[in-house]
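Summary of the model geometry
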Amino acid sequence: MGMLWDSILLLLVAAFALFLVRVVLFKTGLIYMVKLWRRKMIDTFHVYQFYKVPEFNDNVQENQLYLKVYAYLNSLSSIENSDFTNLFTGKKTNEIILRLDRNQVVGDEFLGARVSWINGQDEDGVRNFVLKIRKADKRRILGSYLQHIHTVSDELEQRNTELKLFMNVDDDHQNGRWRSIPFDHPCTFENIAMETDLKNKVKSDLESFLKGKQYYNRLGRVWKRSYLLYGPSGTGKSSFVAAMANFLDYDVYDIDLSKVVDDSDLKMLLLQTRGKSVIVIEDLDRYLSATKSTTTAVTLSGILNFTDSILSSCAADERIMVFTMTGKELIDPAMLRPGRVDVHIHFPLCDFTAFKTLANNYLGVKDHKLFSQVEGIFQNGASLSPAEIGELMIANRNSPTRALKYVINALQTDGDRRGTGRRLLLESGSRRGTTEEVSQDMSGLLCGGGGGSSPAVKEFRKLYGLLRIKSSRKSGSFDVRDG
Ligand SMILES: Nc1ncnc2c1ncn2[C@@H]1O[C@H](COP(=O)(O)OP(=O)(O)OP(=O)(O)O)[C@@H](O)[C@H]1O
Ligand SMILES: [Mg+2]
């Protein structure tokens, strides 16, 4: 009997001791060390194979597999178990998303096999993922595991419809030249005051481009299309680029030429862009005239090569290239020949029809007793840019009558001067050269911008303009603008 009680007591003591060990292990985190030793022990009995997925290939182009692995790993619940995880706010309210940090290990399981990924970087700073897989499992699962990553990341990409705005940064020899932020510019073609015919023409041109993959392939041409948007400041060129990107559902690459060292650097940048994107070079004429005396900067021929097919064919497919400028006078006709720039769109100053569109959009007014007076002033040749008119309307949006009086006043003062400019612009526009005749010139945008650059207009652009980050140029003669 005594023996039995002894054994029961011993059992109880042993159970309590085990309970205590468990509490200590879990409460102090020692369990983590135990697991680590266990894993190390097991590892010594296995032979592993490693596969590296670098962020860039030998031509410094983005490795698509790297992006897929990145998206895939961040979707795994096991990233919570890595030692260090970054937290970001998500798109939905109160949403927190987890992102893998550098040099972290993430475990994954596939078809009963355990693999792990290490998020590291080379000695030269290039990021990579390293897959660690048991040699015994390699033959059985590797092919289907990589296929699985493809499928999951493609699904994730389809769900994530967020567009990106890429900006080129100074070369740091490490993580590529593009940095991105979410692109959520609200501008659509509907918001832009533009002749309906022209707007429809542009839309159907873009639509047929989207559907044209096989057509371009059959012709042996690279699937790309280029646009030249020209017209005075504040006429909606940058807004139009945003509207194009929203219409196409494309990312935007905004090239800041002041951060491009030379022509070959520009080529590199192009090679590092992805497909389904709008690549924009803004204010090209200003850049070229500002860098005339500089020998190291990007040249017009560098930009021509940038648009030419041989180079383009090495980069991603399905791209729209857009150049914006105030006037075509400074640009070499070679740049403007068809094939290089497919569509030219002129953004003129505001006329009465465009003014009515703005009044409708900004003030919700379709007709007003002051409209006849406004029409009269436009007929006399006065004009302002849509940016200037829009600014006055926004500032007085609670009182359409007051807004219209401000517009009339502004047209009668500033606009009279600009009216002369406008007539000259239209006259020069009517003398079209051969380049323009053969190319598809879509001039006729109803609204254009005067050189309006009052502080209020600048402030307005800051709020509503396409987000652009520009640094001042070394030469100092190139404007620092908010675009
Ligand atoms: N045609 C237009 N229709 C509606 N709004 C316009 C139009 N043009 C300009 N705006 C308004 O004016 C602001 C400035 O326009 P935007 O920056 O697109 O002009 P821009 O032609 O690119 O000027 P810049 O040559 O100075 O860069 C925009 O926020 C836009 O809302
Ligand atoms: Mg602009």
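Residues numbered from 1 in each chain as written. Chains lettered and ligands numbered in written order. Predicted model: local features only at pLDDT ≥ 70, side-chain atom pairs only at ≥ 80, totals over all residues. Heavy atoms only, no water.

The protein is annotated in an unreviewed UniProt entry as AAA-ATPase At2g46620-like of Camelina sativa. UniProt lists a comment for the protein under the heading Sequence similarities (unreviewed entry), and it reads "Belongs to the AAA ATPase family. BCS1 subfamily." Annotation of the protein in UniProt includes, under Catalytic activity (unreviewed entry), the sentence "ATP + H2O = ADP + phosphate + H(+)". (UniProt positions renumbered as here; feature names shortened; annotations may be inferred.)

1. Things to note about unusual backbone geometry
If you check the backbone angles, Asn103 has positive phi at about 55 degrees while not being a glycine. Of note, Asn103 is situated in the loop between β3 (96-100) and β4 (104-110). Non-glycine residue Leu111 carries a positive phi angle of around 45 degrees. Relative to the elements of secondary structure, Leu111 occurs in the loop between β4 and β5 (113-121). Judged by relative accessible area, which is 54%, Leu111 ranks as exposed. (Helix = DSSP H or I, 4+ residues; strand = E, 2+ residues; numbered from the N terminus. Buried < 20%, exposed > 50% of the residue type's maximum accessible area, 1.4 Å probe, protein only.)

2. Comments concerning helix α5 (residues 196-210)
Between its first and last C-alpha atoms α5 spans 21 Å; for 15 residues at 1.5 Å apiece the expected length is 21 Å, and the two agree. Of all the positions in α5, only Leu198, Lys199, Val202, Lys203, Asp205, Leu206 and Phe209 are classed as buried. An end-on view of α5 places all buried positions within 160 degrees of arc, on one side of the element. Turned more than 90 degrees away from the buried face of α5, the exposed residues are Thr196 and Asp197. (Expected span 1.5 Å × (residues − 1). Arc of directions from axis to C-beta.)

3. Observations regarding the pattern of salt bridges
Throughout the structure, instances matching the rule amount to eleven salt bridges. Between Arg140 and Asp137 there is a salt bridge, with its nearest N and O atoms 3.6 Å apart. Residue Arg140 and its partner Asp137 are located together in helix α4 (residues 135-159), separated by three residues, close to a single helical turn. Arg140 sits in the partly exposed class, given a relative accessible area of 46%. What makes Asp137 buried here is its relative accessible area of 11%. Linking Glu190 and Lys203 is a salt bridge whose minimum nitrogen-to-oxygen distance equals 3.1 Å. Note that Glu190 is positioned in the loop between β8 (178-182) and α5 and Lys203 in helix α5, a separation of 13 residues in sequence. Among the residues examined, Lys203 registers a relative accessible area of 19% and is labelled buried. (Salt bridge = Lys/Arg side-chain N within 4 Å of Asp/Glu carboxyl O.)

4. Notes on the side chain of Ser78
Mapped onto the secondary structure, Ser78 falls in the loop between α3 (64-74) and β2 (85-89). At a separation of 2.7 Å, a polar atom in the side chain of Ser78 contacts the main-chain carbonyl oxygen of Gly107. Here Ser78 is in contact with Val106 and Gly107, once residues within four sequence places are set aside. (Polar contact = N/O pair within 3.5 Å; in protein donor to acceptor, adjacent residues only side chain to side chain. Contact = heavy atoms within 4.5 Å.)

5. Re the packing of helix α1 (residues 2-28) against helix α2 (residues 30-44)
Put simply, α1 and α2 touch, their axes get as near as 5 Å, and they point 95 degrees apart. With respect to their mutual orientation, α1 and α2 come out roughly perpendicular. Taken together, the residues of α2 that come into contact with α1 (itself represented by Val24, Leu25, Phe26 and Thr28) are Leu30, Ile31 and Val34. When the residues that make up the contact of α1 with α2 are grouped by side-chain class, the tally is six nonpolar, one polar and no charged. (Axes fitted to C-alpha atoms, helices over the stretch in contact; angles between N-to-C directions. Parallel < 35°, antiparallel > 145°, perpendicular 65-115°, else oblique. Nonpolar A, V, L, I, M, F, W, Y, C, P; charged D, E, K, R; others polar.)

6. Digging into the confidence of the model for the protein
In this model, the protein carries a mean pLDDT of 78, and residues with pLDDT of at least 70 account for 81%. Under a pLDDT of 50 for its full length, residues 419-439 has, in the predicted model, 26 contacts with residues more than four places off or in other chains. A low-confidence stretch, residues 443-483 stays under pLDDT 50, and its non-local contacts, those more than four residues away or across chains, total 125 contacts. Prediction confidence for the complex, expressed as pTM and ipTM, is 0.68 and 0.98 respectively. (pLDDT = per-residue confidence, 0-100.)

7. Quick word on the environment of Asp265
Within the secondary structure, Asp265 sits in helix α8 (residues 263-271). By relative accessible area, which is 10% here, Asp265 ends up buried. With 88 residues separating them in the primary sequence, Asp265 and Arg177 have C-alpha atoms 9.9 Å apart. Each residue touching Asp265, except ones within four places of it in the same chain, is listed here: Arg177, Lys259 and Val260.

8. Quick look at a nonpolar patch on the surface
Together, Val24, Leu30, Tyr32, Met33, Val34 and Trp37 make up an exposed nonpolar region whose accessible area comes to about 550 Å². In terms of residues, the nonpolar patch owes the most to one element, α2, which gives five residues. Here Val24 shows up in helix α1. (Patch = residues over 30% accessible without salt bridge, like charges linked within 9 Å, V, L, I, M, F, W, Y side chains within 5 Å. Areas by Shrake-Rupley, 256 points an atom, 1.4 Å probe, with all protein chains shown as cover.)

9. Some points on the sheet that holds β5
Within a beta sheet, neighbouring strands are joined by backbone hydrogen bonds and run either parallel or antiparallel to one another. A sheet is described by the order of its strands in space; here four strands give the open sequence β1-β6-β5-β4, paired in antiparallel fashion. Each of the sheet's edge strands pairs with one partner strand only, and the pair in question is β1 (48-54) and β4. Across the sheet, the axes of successive neighbouring strands diverge by a mean angle of 25 degrees, strand direction being ignored. Strand direction decides the pairing type here: β5 and strand β6 (residues 127-134), joined by seven bridges, are antiparallel. Across the sheet, the residue bridging to Trp117 is Leu131, located in β6. Along the sheet, α3 makes contact with β1, β4, β5 and β6, crossing β6 at roughly 70 degrees. In the packing of α4 onto the sheet, the strands contacted are β1, β4, β5 and β6, and the crossing angle to β6 comes to about 135 degrees. (Pairing = 2+ DSSP bridges.)

10. Here's the deal with the environment of Cys350
Note on placement: Cys350 falls in the loop between β13 (343-346) and α13 (352-363). With 34 residues separating them in the primary sequence, Cys350 and Leu384 have C-alpha atoms 5.9 Å apart.

11. As for the packing of aromatic side chains
Applying the stated criterion across every chain yields a total of 17 aromatic pairs. Connected via pairs of aromatic rings, a cluster forms that spans Tyr66, Tyr70, Tyr72, Phe110, Trp117, Phe129 and Tyr145. Seen from the ring of Tyr48, Lys132 lies directly overhead, with NZ or CZ sitting 4.6 Å from the centre. (Phe/Tyr/Trp six-rings, centres within 6.5 Å; stacked < 30°, edge-to-face > 60°. Lys NZ or Arg CZ within 6 Å of the ring centre and 35° of its normal.)

12. Here we look at the nonpolar core
If you look at the biggest cluster of nonpolar residues, it comprises 31 residues, and the most contacted ones within it are Tyr227, Phe240, Val278, Ile320, Val322 and Ile345. Going through the elements one at a time, α5, β9 (224-230), α7 (237-248), β11 (277-281), β12 (319-325) and β13 are the ones with two or more residues in this core. Top contributing element to this core by residue count: α7, with seven residues. Listed in part, the 29 residues of the second largest apolar core include Tyr253, Leu266, Val298 and Leu300. (Core = buried A, V, L, I, M, F, W, Y, C linked by side-chain atoms within 4.5 Å.)

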